[in-house]
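Below, each chain spelled out in residue letters.
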Amino acid sequence: MSEKYDVVVAGAGVAGAYAAFRLASAGLRVLVVDIKEFERIGDKPCGDAIGGHHLSFLGLRDLPRDIIEGYVKGMDIYSPSGRAKFRVLGEGVEVDRVGLARYLLKRAIDRGAEFRGRTAAVEPLISGGYVRGLRLYSGCRTYEVTSSVVVDATGNARAVVRRLPKDWPVSEEADPRDFNIAYREVRVLKDEVEEPHILRIHVSKTVAPGGYWWFFPYSERRNYVNVGLGIQGGRGYPHPRDLLYRYVLNQRVFDGSTLVEAGGAPVPTRGPLSSLVWNGIAVVGDAAYTVNPVHGGGKGSSMVSSLCVANAIVEALDRGDASAEGLWEANICYMNNYGTKQAVLDFFRRFLQELSDEDLEFGMSAGIVKEEDLNALSLKGELELSVAEKAIRLLSGLRRPSLLIKLRRVVEYMGRVREVYENYPRTPSQLVTWRLEVSELLRDFEERVLRH
Ligand SMILES: Cc1cc2nc3c(=O)[nH]c(=O)nc-3n(C[C@H](O)[C@H](O)[C@H](O)COP(=O)(O)OP(=O)(O)OC[C@H]3O[C@@H](n4cnc5c(N)ncnc54)[C@H](O)[C@@H]3O)c2cc1C
């Protein structure tokens, strides 16, 4: 006979561990499984930066000091030549990523969740149009557990949702061009880092095509830095590790540095999944494509999806209704708190990825977009139409009107996509029509703006 839980969470990275913590705190019977053992939970390459606004929203302001490796006060964004620089102020932390995931999982266990390491989710059990549990594999044995809801938090593996019927919206596959392939190293520098509370991002199509390279100091660990590079997937660009070695690690600041850790992984950088839930199933974190499409940070927003999904499950199970409709509040919550901004930023990401180094240099050095605009863009996903208007007036004499007109149109489309997401369906029955509206807007944007 199979074991029975209220919820089975597959994957105990930050998204799964945080979901399990929320669900167990509400008194549900929760099982969390991961192919990793407890000690290796959270061990996945990362830049380790999390914005303070996410931590506040998630009730994680008081993280234990021993998992904080740096305090962040802002970020400098450099143009391709390095001559133009924007400073975007905003606080956050550099975390010990393994420490964070373990801390969240430990809290879930303390609230009553059961954890099984070295246990793989093999496939969902489906009957009557509902997910009813999971087939698991551990210690050379396959067995089944049943539950009212399964949460897929397996990151890029998408181990559960990818095995669901293709017409369930949670199973939607992403285009390879909507991934960023990122590689990073943790290094100890010979000399102290100046301004260790400031993260650095460098945009350059030559060095990091369709992405950027970063230099994130850990202010609490003398001379430690996280240095990495991401490129757009599906375009045949060189491996990010090769680019990092060719263009970045040969810079003087790395002379005599020692390598502590190295590794990379794909990061989904696209708009949100059209639904985080369906009958008996929910999906969170990278498995649900919840990453910020512009800067690729995904830890904070993955937990926002977990919070929304966990709250919706608690209410749905209270009513005894684990259908898509019963769980729908997860989508409303996610779209209100992050998904709409994510969708807007995804349009901007597509525009940025088409720009040449010359365009980027021009845009940054001529002051088309200023620090305050980037602040609004990163916090709310808003880039004011006035930015484009101002730019066109200011720069019409500077021989780049086509770029400016394009920026104006991008900003208009960002407003339109925001409107569409603000009208996200209140019930699953309206989803098909809404999805058509989104894909038409995107097609229109690609044809009339990007390829123009
Ligand atoms: C190089 C790089 C730099 C990054 N930098 C940042 C940054 O600075 N800030 C930021 O916020 N984000 C960053 N990200 C993104 C961030 O790491 C992810 O968005 C985040 O870790 C997603 O968490 P998750 O819990 O959804 O997935 P994961 O962390 O991938 O967790 C998935 C878990 O599922 C488990 N699993 C997989 N398959 C199965 C299975 N079949 N059965 C059971 N368990 C399974 C895995 O073992 C893992 O523990 C970066 C990513 C990369 C690659």
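Residues numbered from 1 in each chain as written. Predicted model: local features only at pLDDT ≥ 70, side-chain atom pairs only at ≥ 80, totals over all residues. Heavy atoms only, no water.

Visitor: Talk me through the overall build of the protein chain; I want residue IDs and the actual numbers.
Guide: The helix and strand inventory of the protein chain stands at 12 helices and 16 strands. On C-alpha atoms alone, the protein chain measures out to a radius of gyration of 22 Å, which is about the 22 Å that the 2.2 N^0.38 rule sets for 452 residues. Each of the three principal axes of the protein chain carries a C-alpha extent, and together these read 75 × 55 × 40 Å. Within the protein chain, the fraction of its 452 residues that count as buried is 56%. In the protein chain, the proportion of contacts linking residues at least 24 apart, taken out of those at least 6 apart, comes to 72%. (Helix = DSSP H or I, 4+ residues; strand = E, 2+ residues; numbered from the N terminus. Rg over C-alpha atoms; globule rule 2.2 N^0.38 Å. Buried < 20%, exposed > 50% of the residue type's maximum accessible area, 1.4 Å probe, protein only. Contact = heavy atoms within 4.5 Å.)

Visitor: Could you give me a rundown of the sheet that holds strand 12 (residues 212–217), with the residues and numbers involved?
Guide: Strand order across the open sheet formed by eight strands is 3-5-4-11-12-13-10-14, with mixed pairing between neighbours. The sheet is open, and its two edges are formed by strand 3 (49–51) and strand 14 (258–268), each paired on a single side. Each neighbouring strand pair of the sheet contributes to a mean axis angle of 30 degrees, computed without reference to strand direction. In terms of strand pairing, strand 10 (residues 179–188) meets strand 13 (residues 224–232) through nine bridges, oriented antiparallel. Among the inter-strand pairings, Arg 187 is bridged to a residue of strand 13, identified as Val 225. (Pairing = 2+ DSSP bridges. Axes fitted to C-alpha atoms, helices over the stretch in contact; angles between N-to-C directions.)

Visitor: Tell me about the site of the ligand, residues and numbers included.
Guide: Surrounding the ligand, one finds 32 residues, the nearest of these being Asp 34, Gly 47, Ala 49, Ala 121 and Asp 286. With respect to the ligand, the backbone of Lys 299 contributes an N or O atom lying 2.8 Å from an oxygen atom. Relative to its unbound accessible surface of 1000 Å², the ligand loses 92% to contact with the protein. Elements with a contribution of two residues or more to the shell around the ligand: helix 1 (14–25), strand 7 (120–127) and strand 14. Residues of the shell around the ligand, tallied by class, amount to 16 nonpolar, 10 polar and six charged. Counting contributing residues per domain, the shell around the ligand is built from domain 1 (3–47 + 99–173 + 270–327) and domain 2 (73–87 + 176–268), each supplying no fewer than three. (Near = heavy atom within 4 Å. Polar contact = N/O pair within 3.5 Å; in protein donor to acceptor, adjacent residues only side chain to side chain. Areas by Shrake-Rupley, 256 points an atom, 1.4 Å probe, with all protein chains shown as cover. Nonpolar A, V, L, I, M, F, W, Y, C, P; charged D, E, K, R; others polar. Domains from an automatic or database assignment.)

Visitor: Please give an account of the pattern of salt bridges that cites residues and values.
Guide: Scanning the model with the defined rule gives 32 salt bridges in all. Linked through salt bridges whose partners overlap, the residues forming this network are Asp 178, Asp 346, Arg 349, Arg 350, Glu 446 and Arg 451. (Salt bridge = Lys/Arg side-chain N within 4 Å of Asp/Glu carboxyl O.)

Visitor: Give me the lowdown on the domain arrangement of the protein chain, citing residues and values where you can.
Guide: Per the domain assignment, the segments making up the protein chain are domain 1 (3–47 + 99–173 + 270–327), domain 2 (73–87 + 176–268) and domain 3 (343–450). Tallying the contact residues gives 13 residues for domain 1 and 13 residues for domain 3. Taking both partners together, domain 1 and domain 3 bury about 1000 Å²; carbon and sulfur atoms supply 68% of that area. Interface area lost by domain 1 to domain 3 is led by Ser 274, Pro 293 and Val 294, which between them contribute 44%. Inspection of the domain 1/domain 3 interface yields one salt bridge. Arg 435 is paired through a salt bridge with Glu 172; the nearest N and O atoms lie 3.5 Å apart. In this structure, the connection of domain 1 to domain 3 is made through four residue pairs in polar contact (both at pLDDT 80 or more). (Buried area = accessible area lost by both parts, 1.4 Å probe.)

Visitor: Please give an account of the environment of Gly 211 that cites residues and values.
Guide: Tracing the sequence through the fold places Gly 211 in the loop between strand 11 (198–202) and strand 12. Gly 211 sits 57 residues away from Pro 268 along the chain, and the two C-alpha atoms are 12 Å apart. For Gly 211, the residues in contact, after removing those within four places along its chain, are Asn 180 and Gly 230.

Visitor: I'd like to hear about the packing of aromatic side chains, residue by residue, with values.
Guide: Taken as a whole, this structure holds 12 aromatic pairs when the rule is applied. An angle of 70 degrees between the planes, with centres 6.3 Å apart, marks the rings of Phe 38 and Phe 115 as edge-to-face. Here Phe 115 lies in strand 6 (residues 114–116) and Phe 38 lies in the loop between strand 2 (30–33) and strand 3, a separation of 77 residues in the sequence. Exposure remark for Phe 38: the relative accessible area of 25% places this residue in the partly exposed category. A relative accessible area of 19% places Phe 115 in the buried class. Above the ring of Tyr 5, the side-chain terminus of Arg 29 is found at 4.5 Å from the ring centroid. Sitting over the face of the ring of Tyr 143, Arg 141 holds its NZ or CZ atom 4.2 Å from the ring centroid. (Phe/Tyr/Trp six-rings, centres within 6.5 Å; stacked < 30°, edge-to-face > 60°. Lys NZ or Arg CZ within 6 Å of the ring centre and 35° of its normal.)

Visitor: Tell me about the pairing of strand 12, and please be specific about residues and values.
Guide: Burial analysis of strand 12 places six of its six residues in the buried class, which makes it a mostly covered element. Neither face of strand 12 is left uncovered, since the one carrying Tyr 212, Trp 214 and Phe 216 and the one carrying Trp 213, Phe 215 and Pro 217 both have all their residues buried. Two elements, strand 11 and strand 12, share three bridges in a ladder whose sense is antiparallel. Bridged to His 202 within strand 12 is Trp 213.

Visitor: Could you give an account of the nonpolar core, with specific residues and numbers?
Guide: Nonpolar side chains tend toward joint burial in soluble globular proteins. The biggest cluster of nonpolar side chains holds 124 residues, and the ones touching the most others in it are Val 9, Val 30, Val 32, Leu 134, Ile 281 and Ile 313. Top contributing element to this core by residue count: helix 7 (residues 329–354), with 11 residues. Here Ile 281 is in contact with Val 131, Val 149, Val 150, Val 160, Val 161, Leu 164, Trp 168, Val 170, Leu 276 and Leu 327, once residues within four sequence places are set aside. If you look at the next biggest cluster of nonpolar residues, it comprises 16 residues, including Tyr 183, Trp 213, Val 227 and Phe 254. (Core = buried A, V, L, I, M, F, W, Y, C linked by side-chain atoms within 4.5 Å.)

Visitor: Which residues make up the pairing of strand 4 (residues 68–78), and what values do they have?
Guide: In terms of burial, strand 4 is a largely internal element, eight of the 11 residues being buried. Adjacent in sequence and paired antiparallel, strand 4 and strand 5 (residues 85–95) are bridged by six residues, among which Gly 82 carries a positive phi angle near 85 degrees. In terms of strand pairing, strand 4 meets strand 11 through five bridges, oriented parallel. Each bridged residue has a counterpart across the sheet, and for Asp 76 the counterpart in strand 11 is Arg 200.

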